[in-house]
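Each chain is listed here by its residues.
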Amino acid sequence: MKIMAMFMMTLLTFLHVSFGEGASGRTDGWWLGRPQPYFADLPTNLTVISGQTAYLACRVHMLGDRSVTWMRVRDLHILTVGLVTYSADERFQVLHSGETDDWTLQVQFSQPRDSGAYKCQVNSDPKIVHKRLLDGQVYKMPPSHAKKGGYGTYIIGGAERFLQAGSSLSLVCVVTHTLAPPTAVLWYRDDTELDYDSPRGGISLQVEKTGDRTTSRLLLSTVRNTDSGNYTCVPVNAPRASVYVHVNTDELRAAVQQGGVSHGSGGGGGRGSLFLLLTCFYVVRAQRGIPLS
């Protein structure tokens, strides 16, 4: 009996040392109870040049039926949960294959504002979190190039746009290329880069690559006077293109100026189109019961 008691005591001690929960909630191959997820030991800091695609690695073993969430620490914004993206910024996407334990956060066309801490976390009990740091090198607007071999850039429409305050601005920039597409297409108003996370809000950017051209669409909702300025499409390593945007609070003035830009200032056709535009304007105001004076 003493031998049996000593054996059981030794066995319990071995189990406590070998299979007890550690800081990571795991053991080397054996578990007591439900297996707990744990992170693989991967580099935590990543440095990329702006315009390149950044890959933030997160490898979770023994995930089971739990989910992996990526969060941006700066504003506590949830970017992805599982394979679903919860950000209006389409540059963010999680990469995962069923054959691996990797849940990699992909940031396309990285920019300096993307720098900072990101959290990869698992909704286990207790929750486990791994922090990743993205260090982006500052990217400045490149000098203008009259010609850049193999590339051409233009913004669809005229060189000036006239809008009424409260309407939406849509600009489409097309970059043609004979070799590789530009690594990134940025937008500036005057000397300020337009930002998804700008306090202004209402800024949307979309990039589409098809064959020998890259198309970048900029959308600003509910424009106001402060949105007036020179808008520049800046493809990396390619010539840039600009358009000047005027935002007016006067509905009639915006209509007249837009009509002038569309039809030109000379010729009877231009005057006739302008007359028709003004007539429609007054008819609409009369139908709405708005005084004409």
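Computed from a predicted model, the values in this text were never measured in an experiment. (Residues numbered from 1 in each chain as written. Predicted model: local features only at pLDDT ≥ 70, side-chain atom pairs only at ≥ 80, totals over all residues. Heavy atoms only, no water.)

This brings us to the environment of S242. Tracing the backbone through its elements, the reader meets S242 in strand β20 (residues 241-248). C-alpha separation for the pair S242 and Y231, spaced eleven residues apart in sequence, amounts to 5.5 Å. With residues near it in sequence (within four places) discarded, S242 still touches I155, N230, Y231 and T232. (Helix = DSSP H or I, 4+ residues; strand = E, 2+ residues; numbered from the N terminus. Contact = heavy atoms within 4.5 Å.)

A sheet is described by the order of its strands in space; here three strands give the open sequence β3-β9-β8, paired in antiparallel fashion. Because the sheet does not close on itself, it has two edges, and the strands there are β3 (54-56) and β8 (92-95). Shown here is a sheet whose adjacent strand axes are inclined to one another by a mean of 25°, direction ignored. (Pairing = 2+ DSSP bridges. Axes fitted to C-alpha atoms, helices over the stretch in contact; angles between N-to-C directions.)

The subject of this paragraph is the pattern of salt bridges. For the coordinates displayed, the defined rule picks out five salt bridges. Salt-bridge contacts for D102 lead to R59; the nearest nitrogen and oxygen are separated by 2.5 Å. In this pair, D102 is assigned in the loop between β8 and β9 (104-107) and R59 in the loop between β3 and β4 (60-61), connecting sequence segments 43 residues apart. Across the salt bridge formed by E208 and R217, the nearest N and O atoms sit 3.3 Å from each other. (Salt bridge = Lys/Arg side-chain N within 4 Å of Asp/Glu carboxyl O.)

The pairing of strands in a sheet comes from backbone hydrogen bonds and takes either a parallel or an antiparallel form. Across the sheet, which stays open at both edges, the four strands sit in the order β12-β14-β18-β17 with antiparallel pairing between neighbours. Since the sheet does not close on itself, it has two edges, and those belong to β12 (151-155) and β17 (203-210), each with one partner. Put simply, the sheet's adjacent strands are angled 15° from each other on average, direction ignored. Note: β17 against strand β18 (residues 213-220), eight bridges, orientation antiparallel. Note on β18: the bridge partner recorded for Q206 is R217.

Attention now moves to the confidence of the model for the protein. Of all residues in the protein, 69% attain a pLDDT of 70 or more, and the chain-wide mean is 74. Contacts from residues 12-29, a stretch scored under 50 in pLDDT, to residues over four places away or in other chains number 13 contacts. Taken as a whole, residues 138-147 scores under 50 in pLDDT and shows 18 contacts with residues more than four places along the chain or in a different chain. (pLDDT = per-residue confidence, 0-100.)

Among the nonpolar cores identified, the biggest contains 22 residues, and I155, L169, L171, W187, L218, L220 and Y231 are the most heavily contacted of them. Counting residues per element, the ones that place at least two in this core are β14 (169-177), β15 (185-189), β17, β18, β19 (229-235) and β20. Contacts of W187, omitting those with residues within four sequence positions, involve I155, L171, C173, T192, E193, L194, L205, S216, L218, T232 and C233. (Core = buried A, V, L, I, M, F, W, Y, C linked by side-chain atoms within 4.5 Å. Buried < 20%, exposed > 50% of the residue type's maximum accessible area, 1.4 Å probe, protein only.)

If you walk through the whole model with that rule in mind, you get two disulfides. Each sulfur in the disulfide pair C58 and C120 lies 1.9 Å from the other. Its S-S torsion of approximately -70° makes the covalent link between C58 and C120 left-handed. Pair noted here: C58 is in the loop between β3 and β4 and C120 is in strand β10 (residues 116-122), with a separation of 62 residues, a long-range link. Residues C58 and C120 agree in their burial class; the two are buried. When the cysteines of the protein that form disulfides are numbered from the N-terminus onward, they connect as 1-2, 3-4. (Disulfide = S-S within 2.5 Å.)

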